[in-house]
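In case you want the letters, here they are:
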Amino acid sequence: MNSDWKSGAERPVMEGDLQYHIRCRRGDVNRYVLLPGDPARVEAIAQGWGSSRFIADNREHRTWSGELDGIPVTACSTGMGGPSTSIALEELAALGADTFIRVGSCGAIQEGVECGDLVICSGAMRQDGTSQDYIDLSYPAAASYEVTAALVESCERLKVRYHVGVSCTTASFYCGQARPGLKGYSPSSQAHKVEDLNRAGVMNFEMEAATVLTLAGLYGLRAGAVFAVVAHRLKDSFQYVGIDHSIRAANEALKVLAAWDRAKEARGKPFWFPGLLA
(Lines give C-alpha, C1' and ligand atoms only; values in the text may rest on other atoms or scores of the structure.)
Protein backbone atom coordinates (compact mmCIF):
# COMPACT_ATOMS: atom_id res chain seq x y z
CA MET A 1 0.00 0.00 0.00
CA ASN A 2 1.33 3.42 -0.94
CA SER A 3 2.29 5.29 2.23
CA ASP A 4 2.79 8.69 0.58
CA TRP A 5 -0.21 10.36 2.20
CA LYS A 6 -0.09 14.13 1.87
CA SER A 7 -2.20 15.00 4.90
CA GLY A 8 -2.45 14.27 8.58
CA ALA A 9 -4.41 11.65 10.44
CA GLU A 10 -7.77 13.47 10.52
CA ARG A 11 -8.63 12.89 6.83
CA PRO A 12 -5.78 11.10 5.01
CA VAL A 13 -5.74 11.71 1.25
CA MET A 14 -3.16 11.61 -1.55
CA GLU A 15 -2.61 13.77 -4.63
CA GLY A 16 -5.80 14.28 -6.62
CA ASP A 17 -7.80 13.83 -3.42
CA LEU A 18 -7.34 10.06 -3.57
CA GLN A 19 -9.52 8.81 -0.72
CA TYR A 20 -7.96 6.47 1.82
CA HIS A 21 -10.60 3.71 1.92
CA ILE A 22 -12.41 3.75 -1.42
CA ARG A 23 -9.23 4.62 -3.38
CA CYS A 24 -11.06 6.97 -5.73
CA ARG A 25 -9.86 10.44 -6.67
CA ARG A 26 -11.55 13.53 -8.04
CA GLY A 27 -12.96 12.80 -11.48
CA ASP A 28 -13.58 9.11 -10.68
CA VAL A 29 -16.93 9.64 -8.96
CA ASN A 30 -20.10 11.13 -10.45
CA ARG A 31 -22.97 13.00 -8.88
CA TYR A 32 -25.43 10.09 -8.89
CA VAL A 33 -24.28 7.06 -6.87
CA LEU A 34 -25.77 3.63 -6.18
CA LEU A 35 -24.68 1.95 -2.95
CA PRO A 36 -24.95 -1.85 -2.84
CA GLY A 37 -23.50 -3.63 0.15
CA ASP A 38 -22.06 -6.59 -1.76
CA PRO A 39 -18.99 -5.77 -3.90
CA ALA A 40 -20.10 -8.38 -6.45
CA ARG A 41 -23.32 -6.43 -7.01
CA VAL A 42 -21.44 -3.42 -8.39
CA GLU A 43 -20.67 -5.17 -11.69
CA ALA A 44 -24.28 -6.34 -11.93
CA ILE A 45 -25.42 -2.72 -11.58
CA ALA A 46 -22.90 -1.51 -14.18
CA GLN A 47 -24.14 -4.09 -16.68
CA GLY A 48 -27.32 -2.04 -16.97
CA TRP A 49 -25.41 1.04 -18.10
CA GLY A 50 -24.52 2.03 -21.64
CA SER A 51 -20.84 2.26 -20.75
CA SER A 52 -18.83 1.52 -17.62
CA ARG A 53 -15.27 1.34 -16.31
CA PHE A 54 -13.66 -0.16 -13.26
CA ILE A 55 -12.29 2.45 -10.84
CA ALA A 56 -11.05 0.80 -7.66
CA ASP A 57 -11.33 -2.21 -5.37
CA ASN A 58 -10.10 -1.82 -1.80
CA ARG A 59 -11.38 -3.71 1.23
CA GLU A 60 -15.18 -3.88 0.93
CA HIS A 61 -15.35 -0.90 -1.41
CA ARG A 62 -15.51 -1.72 -5.14
CA THR A 63 -16.27 1.18 -7.48
CA TRP A 64 -17.32 1.46 -11.12
CA SER A 65 -18.38 4.59 -13.00
CA GLY A 66 -20.02 5.07 -16.37
CA GLU A 67 -23.02 6.47 -18.21
CA LEU A 68 -26.67 5.51 -18.05
CA ASP A 69 -28.62 7.03 -20.96
CA GLY A 70 -25.96 9.75 -21.07
CA ILE A 71 -26.12 10.37 -17.30
CA PRO A 72 -22.77 10.10 -15.49
CA VAL A 73 -23.26 7.52 -12.70
CA THR A 74 -21.22 5.62 -10.13
CA ALA A 75 -21.72 2.47 -8.05
CA CYS A 76 -19.68 1.80 -4.92
CA SER A 77 -20.13 -1.08 -2.49
CA THR A 78 -20.35 -0.27 1.20
CA GLY A 79 -19.87 -3.65 2.81
CA MET A 80 -22.19 -4.68 5.63
CA GLY A 81 -23.27 -2.36 8.41
CA GLY A 82 -23.03 1.27 9.40
CA PRO A 83 -19.29 1.79 9.95
CA SER A 84 -18.10 0.89 6.46
CA THR A 85 -21.20 2.51 4.93
CA SER A 86 -20.42 5.83 6.61
CA ILE A 87 -16.85 5.66 5.30
CA ALA A 88 -18.02 5.13 1.73
CA LEU A 89 -20.55 7.96 1.87
CA GLU A 90 -18.07 10.36 3.51
CA GLU A 91 -15.42 9.75 0.87
CA LEU A 92 -17.78 9.69 -2.11
CA ALA A 93 -19.35 12.98 -1.00
CA ALA A 94 -15.89 14.50 -0.58
CA LEU A 95 -15.37 13.80 -4.30
CA GLY A 96 -18.59 15.52 -5.36
CA ALA A 97 -21.35 12.90 -5.13
CA ASP A 98 -24.62 14.36 -3.85
CA THR A 99 -27.34 11.81 -4.67
CA PHE A 100 -27.29 8.30 -3.19
CA ILE A 101 -29.54 5.26 -3.50
CA ARG A 102 -28.89 2.30 -1.26
CA VAL A 103 -29.54 -0.93 -3.21
CA GLY A 104 -29.86 -3.81 -0.78
CA SER A 105 -31.75 -6.82 0.50
CA CYS A 106 -33.92 -7.16 3.55
CA GLY A 107 -36.19 -9.28 5.72
CA ALA A 108 -39.87 -8.32 5.70
CA ILE A 109 -41.95 -8.14 8.87
CA GLN A 110 -45.36 -7.24 7.40
CA GLU A 111 -48.10 -9.42 5.95
CA GLY A 112 -48.80 -8.79 2.28
CA VAL A 113 -45.09 -8.60 1.45
CA GLU A 114 -43.57 -11.53 -0.41
CA CYS A 115 -40.03 -12.65 -1.13
CA GLY A 116 -39.04 -11.04 -4.41
CA ASP A 117 -41.00 -7.84 -3.72
CA LEU A 118 -39.22 -4.50 -3.31
CA VAL A 119 -39.39 -2.22 -0.28
CA ILE A 120 -38.76 1.50 -0.79
CA CYS A 121 -37.52 3.06 2.42
CA SER A 122 -39.23 6.31 3.45
CA GLY A 123 -37.24 6.50 6.68
CA ALA A 124 -35.38 4.27 9.10
CA MET A 125 -35.14 3.41 12.78
CA ARG A 126 -31.60 4.27 13.85
CA GLN A 127 -30.34 1.07 15.46
CA ASP A 128 -27.34 1.03 13.12
CA GLY A 129 -24.74 1.71 15.80
CA THR A 130 -23.05 4.39 13.68
CA SER A 131 -25.35 7.35 13.06
CA GLN A 132 -25.52 8.15 16.78
CA ASP A 133 -21.84 9.01 16.60
CA TYR A 134 -22.87 11.87 14.29
CA ILE A 135 -26.01 13.26 15.94
CA ASP A 136 -28.44 12.60 18.79
CA LEU A 137 -30.94 9.78 18.14
CA SER A 138 -33.82 12.27 18.10
CA TYR A 139 -32.57 13.42 14.66
CA PRO A 140 -34.57 11.55 11.98
CA ALA A 141 -33.17 9.23 9.35
CA ALA A 142 -35.52 10.46 6.62
CA ALA A 143 -35.25 9.62 2.94
CA SER A 144 -35.29 12.43 0.39
CA TYR A 145 -38.81 12.83 -0.92
CA GLU A 146 -37.37 13.26 -4.43
CA VAL A 147 -35.46 9.98 -4.27
CA THR A 148 -38.43 8.15 -2.74
CA ALA A 149 -40.78 9.45 -5.44
CA ALA A 150 -38.27 8.55 -8.16
CA LEU A 151 -38.07 4.99 -6.83
CA VAL A 152 -41.87 4.74 -6.84
CA GLU A 153 -41.93 6.07 -10.40
CA SER A 154 -39.30 3.54 -11.47
CA CYS A 155 -41.17 0.60 -9.94
CA GLU A 156 -44.35 1.70 -11.67
CA ARG A 157 -42.52 1.93 -15.00
CA LEU A 158 -40.98 -1.50 -14.53
CA LYS A 159 -44.22 -3.02 -13.22
CA VAL A 160 -42.58 -4.67 -10.22
CA ARG A 161 -44.31 -5.27 -6.88
CA TYR A 162 -43.22 -2.73 -4.28
CA HIS A 163 -44.09 -1.34 -0.86
CA VAL A 164 -43.16 1.96 0.79
CA GLY A 165 -42.49 2.41 4.48
CA VAL A 166 -40.16 2.65 7.45
CA SER A 167 -37.24 0.25 7.83
CA CYS A 168 -35.43 -0.88 10.96
CA THR A 169 -31.67 -0.58 10.47
CA THR A 170 -29.72 -2.74 12.89
CA ALA A 171 -26.06 -3.20 13.75
CA SER A 172 -26.47 -6.98 14.01
CA PHE A 173 -27.86 -9.51 11.53
CA TYR A 174 -28.51 -12.06 14.27
CA CYS A 175 -29.52 -10.86 17.74
CA GLY A 176 -30.15 -7.29 16.57
CA GLN A 177 -32.85 -8.61 14.23
CA ALA A 178 -34.24 -10.97 16.88
CA ARG A 179 -32.56 -14.03 15.40
CA PRO A 180 -30.92 -16.43 17.85
CA GLY A 181 -27.16 -16.31 18.08
CA LEU A 182 -24.82 -19.24 18.50
CA LYS A 183 -26.21 -22.09 20.64
CA GLY A 184 -29.59 -20.35 20.66
CA TYR A 185 -28.39 -17.31 22.58
CA SER A 186 -31.01 -14.56 22.56
CA PRO A 187 -31.34 -11.64 24.98
CA SER A 188 -34.77 -11.22 26.56
CA SER A 189 -34.87 -7.62 25.30
CA GLN A 190 -35.29 -8.92 21.74
CA ALA A 191 -37.95 -11.53 22.47
CA HIS A 192 -40.87 -9.48 21.13
CA LYS A 193 -39.02 -7.26 18.68
CA VAL A 194 -40.53 -8.67 15.47
CA GLU A 195 -44.02 -8.57 16.94
CA ASP A 196 -43.61 -5.02 18.23
CA LEU A 197 -42.23 -3.67 14.94
CA ASN A 198 -44.95 -5.45 12.99
CA ARG A 199 -47.59 -3.72 15.11
CA ALA A 200 -45.84 -0.39 14.53
CA GLY A 201 -46.06 -0.88 10.76
CA VAL A 202 -42.30 -1.15 10.23
CA MET A 203 -41.71 -2.86 6.90
CA ASN A 204 -38.37 -4.64 7.21
CA PHE A 205 -35.00 -5.24 8.78
CA GLU A 206 -31.76 -4.21 7.07
CA MET A 207 -28.35 -2.86 8.09
CA GLU A 208 -27.32 0.31 6.24
CA ALA A 209 -30.16 2.70 5.40
CA ALA A 210 -30.22 4.68 8.64
CA THR A 211 -26.53 5.49 8.27
CA VAL A 212 -26.97 6.66 4.68
CA LEU A 213 -30.09 8.71 5.41
CA THR A 214 -28.75 10.35 8.57
CA LEU A 215 -25.46 11.41 7.01
CA ALA A 216 -27.23 12.65 3.90
CA GLY A 217 -29.53 14.78 6.04
CA LEU A 218 -26.63 16.24 8.00
CA TYR A 219 -24.61 17.04 4.88
CA GLY A 220 -27.41 18.41 2.70
CA LEU A 221 -27.35 15.48 0.29
CA ARG A 222 -30.17 13.43 -1.26
CA ALA A 223 -30.57 9.79 -0.35
CA GLY A 224 -33.03 6.94 -0.44
CA ALA A 225 -33.04 3.17 -0.43
CA VAL A 226 -34.65 0.21 -2.16
CA PHE A 227 -34.44 -3.39 -0.96
CA ALA A 228 -35.24 -6.77 -2.43
CA VAL A 229 -37.14 -8.89 0.08
CA VAL A 230 -35.22 -12.15 0.48
CA ALA A 231 -36.60 -13.23 3.86
CA HIS A 232 -39.96 -13.06 5.60
CA ARG A 233 -39.67 -13.19 9.35
CA LEU A 234 -43.37 -13.79 10.07
CA LYS A 235 -43.45 -16.76 7.69
CA ASP A 236 -39.91 -17.95 8.43
CA SER A 237 -39.23 -18.13 4.69
CA PHE A 238 -36.07 -17.31 2.75
CA GLN A 239 -35.64 -17.00 -1.03
CA TYR A 240 -32.74 -15.11 -2.56
CA VAL A 241 -34.82 -13.47 -5.28
CA GLY A 242 -35.62 -9.97 -6.48
CA ILE A 243 -32.05 -8.64 -6.54
CA ASP A 244 -32.30 -8.03 -10.29
CA HIS A 245 -35.49 -6.03 -9.74
CA SER A 246 -33.85 -3.83 -7.12
CA ILE A 247 -30.94 -3.11 -9.46
CA ARG A 248 -33.21 -2.24 -12.36
CA ALA A 249 -35.38 -0.05 -10.13
CA ALA A 250 -32.38 1.85 -8.77
CA ASN A 251 -30.92 2.45 -12.23
CA GLU A 252 -34.30 3.59 -13.54
CA ALA A 253 -34.69 5.92 -10.54
CA LEU A 254 -31.43 7.64 -11.45
CA LYS A 255 -32.83 8.33 -14.91
CA VAL A 256 -35.97 9.77 -13.32
CA LEU A 257 -33.98 11.96 -10.94
CA ALA A 258 -31.75 13.25 -13.72
CA ALA A 259 -34.81 14.24 -15.76
CA TRP A 260 -36.34 16.00 -12.76
CA ASP A 261 -33.06 17.78 -12.06
CA ARG A 262 -33.00 19.08 -15.63
CA ALA A 263 -36.58 20.30 -15.22
CA LYS A 264 -35.67 22.09 -11.98
CA GLU A 265 -32.69 23.74 -13.60
CA ALA A 266 -34.74 24.87 -16.59
CA ARG A 267 -37.36 26.46 -14.35
CA GLY A 268 -34.90 27.82 -11.79
CA LYS A 269 -36.43 25.80 -8.95
CA PRO A 270 -34.46 24.28 -6.06
CA PHE A 271 -36.92 21.42 -5.46
CA TRP A 272 -38.92 19.08 -7.64
CA PHE A 273 -42.72 19.18 -7.46
CA PRO A 274 -45.35 17.55 -9.73
CA GLY A 275 -46.28 20.85 -11.39
CA LEU A 276 -42.84 20.99 -13.03
CA LEU A 277 -43.96 18.18 -15.33
CA ALA A 278 -47.16 19.96 -16.42
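Everything in this summary refers to the structure shown in the same document.

Each value, and the rule that gives it
Residues numbered from 1 in each chain as written. Predicted model: local features only at pLDDT ≥ 70, side-chain atom pairs only at ≥ 80, totals over all residues. Heavy atoms only, no water. Helix = DSSP H or I, 4+ residues; strand = E, 2+ residues; numbered from the N terminus. Phe/Tyr/Trp six-rings, centres within 6.5 Å; stacked < 30°, edge-to-face > 60°. Buried < 20%, exposed > 50% of the residue type's maximum accessible area, 1.4 Å probe, protein only. Lys NZ or Arg CZ within 6 Å of the ring centre and 35° of its normal. Axes fitted to C-alpha atoms, helices over the stretch in contact; angles between N-to-C directions. Parallel < 35°, antiparallel > 145°, perpendicular 65-115°, else oblique. Left-handed = near helix turned anticlockwise from the far one by under 90°. Contact = heavy atoms within 4.5 Å.

1. So, unusual backbone geometry
So, point 1. Within the chain, Arg59 stands out as a residue other than glycine whose phi angle is a positive 55 degrees.
So, point 2. If you trace the backbone, Arg59 turns up in the loop between strand E4 (51-58) and strand E5 (61-68).
So, point 3. A positive phi angle, near 60 degrees, is found at Lys183, a position not held by glycine.
So, point 4. When you line up the elements, Lys183 lands in the loop between strand E10 (162-170) and helix H4 (193-199).

2. Structural notes on the packing of aromatic side chains
So, point 1. Taken as a whole and judged by the stated rule, the model has three aromatic pairs.
So, point 2. Between the aromatic rings of Phe54 and Trp64, the centroid separation amounts to 6.1 Å while the plane-to-plane angle is 75 degrees, which identifies the pairing as edge-to-face. You can see Phe54 sitting in strand E4 and its partner Trp64 sitting in strand E5, a full 10 residues away along the chain.
So, point 3. Look at Phe54 and you get partly exposed, because its relative accessible area is 48%.
So, point 4. Ring plane angle 15 degrees and centroid distance 3.9 Å describe the contact between Trp260 and Trp272, whose orientation is recorded as stacked. One end of the pair, Trp260, is in helix H6 (residues 243-267); the other, Trp272, is in the segment after H6, and 12 residues separate them in sequence. In this structure, Trp260 and Trp272 share a single accessibility class: buried.
So, point 5. Cation over ring: Arg179 sits above Phe173, and NZ or CZ is 3.9 Å from the ring centre.

3. Remarks on the packing of helix H3 (residues 145-158) against H6
So, point 1. At a minimum axis distance of 8 Å, the contact between H3 and H6 shows a crossing angle of 120 degrees. Judged on the interaxial angle alone, H6 and H3 are oblique. Crossing hand, H3 versus H6: right-handed. In this structure, H3 uses Glu146, Val147, Ala149, Ala150, Leu151, Glu153, Ser154, Cys155, Arg157 and Leu158 to contact H6, whose residues at the interface are Arg248, Ala249, Ala250, Glu252, Ala253, Val256, Leu257, Trp260, Asp261 and Lys264.

4. Observations concerning helix H5 (residues 209-219)
So, point 1. With eight of its 11 residues buried, H5 lies for the most part within the structure.
So, point 2. Taken as a whole, H5 has its buried residues at Ala209, Ala210, Thr211, Val212, Leu213, Thr214, Leu215 and Ala216.
So, point 3. Two residues or fewer past H5, Gly220 is found with a positive phi of approximately 70 degrees.

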